[in-house]
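Here are the chains, one letter per residue:
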Amino acid sequence: MTHSARRIGRTLALVLPVVMVLSGTLAVTRVPWAAHNSDSQVLTASAQTLSKRAKPRTTQDILRDKLLLELQEKDPAAALTDLQRAVEGRPSLARHCMSIAKALGKAAVEQYGPTRAHRFSRPVCDTSFASGVAQFS
């Protein structure tokens, strides 16, 4: 009796893990996201992600992009002057002035290097441009 119980136990010890692995594998292949036509489901997921990302651009984002382009085409001094004028013209942009000036400082360091970028510093937006230059140097 003891011998037959051991034999059954050993057989189960060898067969049971194989059965569990196979049943787990079969269970995973039966879920809806693992269908053969999963391309359409991936496309749907990416379309949902894109729709979440497609937010309307804010005024400060448009201004930042315009000033970064101007920094590349001209120099940081012109971009800082236009930033100051934009804030004076639209006081609602004042709370975003520091972040825009820091972004200009980072771009100036990337384009001109830290030493030359520091030469363009002005007291625009509480010297945030100089802070951005120092931070990214």
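Residues numbered from 1 in each chain as written. Predicted model: local features only at pLDDT ≥ 70, side-chain atom pairs only at ≥ 80, totals over all residues. Heavy atoms only, no water.

What follows is about the nonpolar core. Counting residues in hydrophobic clusters, the biggest one holds 24 residues, and the most contacted among them are L63, L67, L83, L104 and F129. Breaking this core down by element, the ones donating at least two residues are α3 (59-73), α4 (76-89), α5 (97-112) and α7 (128-135). The element best represented in this core is α5, accounting for eight residues. With residues near it in sequence (within four places) discarded, L67 still touches A79, D82, L83, I100 and L104. (Core = buried A, V, L, I, M, F, W, Y, C linked by side-chain atoms within 4.5 Å. Buried < 20%, exposed > 50% of the residue type's maximum accessible area, 1.4 Å probe, protein only. Helix = DSSP H or I, 4+ residues; strand = E, 2+ residues; numbered from the N terminus. Contact = heavy atoms within 4.5 Å.)

Tracing the sequence through the fold places Q60 in helix α3. Residue Q60 is classed as buried on the basis of its relative accessible area, which comes to 17%. Of note is the side chain of Q60, whose polar atom sits 3.3 Å from the side chain of T58. In this structure, Q60 is in contact with L93, H96 and I100, ignoring residues within four places of it in sequence. (Polar contact = N/O pair within 3.5 Å; in protein donor to acceptor, adjacent residues only side chain to side chain.)

Next up on the list: the pattern of salt bridges. The final tally for this structure, using the stated rule, is four salt bridges. The residue K74 makes a salt bridge to E70 at a minimum N-O spacing of 3.9 Å. In this structure, R85 and D82 form a salt bridge, with 3.8 Å as the shortest nitrogen-oxygen distance. With R85 and D82 both in helix α4, this residue pair falls three residues apart, about one helical turn. Overall, R85 belongs to the exposed group, its relative accessible area being 55%. In this structure D82 comes out as partly exposed when scored by relative accessible area, which is 22%. (Salt bridge = Lys/Arg side-chain N within 4 Å of Asp/Glu carboxyl O.)

In this section: the packing of aromatic side chains. One pass over the full model with this rule turns up one aromatic pair. In this arrangement the basic side chain of K106 is found over the ring face of F136, its NZ or CZ atom lying 5.2 Å from the centre. (Phe/Tyr/Trp six-rings, centres within 6.5 Å; stacked < 30°, edge-to-face > 60°. Lys NZ or Arg CZ within 6 Å of the ring centre and 35° of its normal.)

Compared with the 20 Å implied by 1.5 Å per residue over 14 residues, the 20 Å span of α4 between its first and last C-alpha is a close match. Turning to α4, its buried residues number three or more, namely P76, A77, A78, A79, L80, L83, A86 and V87. Elements in contact with the buried residues of α4: α3, α5 and α7. (Expected span 1.5 Å × (residues − 1).)

To continue, consider α5. Between its first and last C-alpha atoms α5 spans 22 Å; for 16 residues at 1.5 Å apiece the expected length is 22 Å, and the two agree. Along α5, the positions that sit buried rather than exposed are C97, I100, A101, L104, G105, A107, A108, V109 and Y112. In this fold, the buried residues of α5 make contact with α3, α4, α6 (114-118) and α7. One or two steps after α5, the chain reaches G113, where phi turns positive at roughly 90 degrees.

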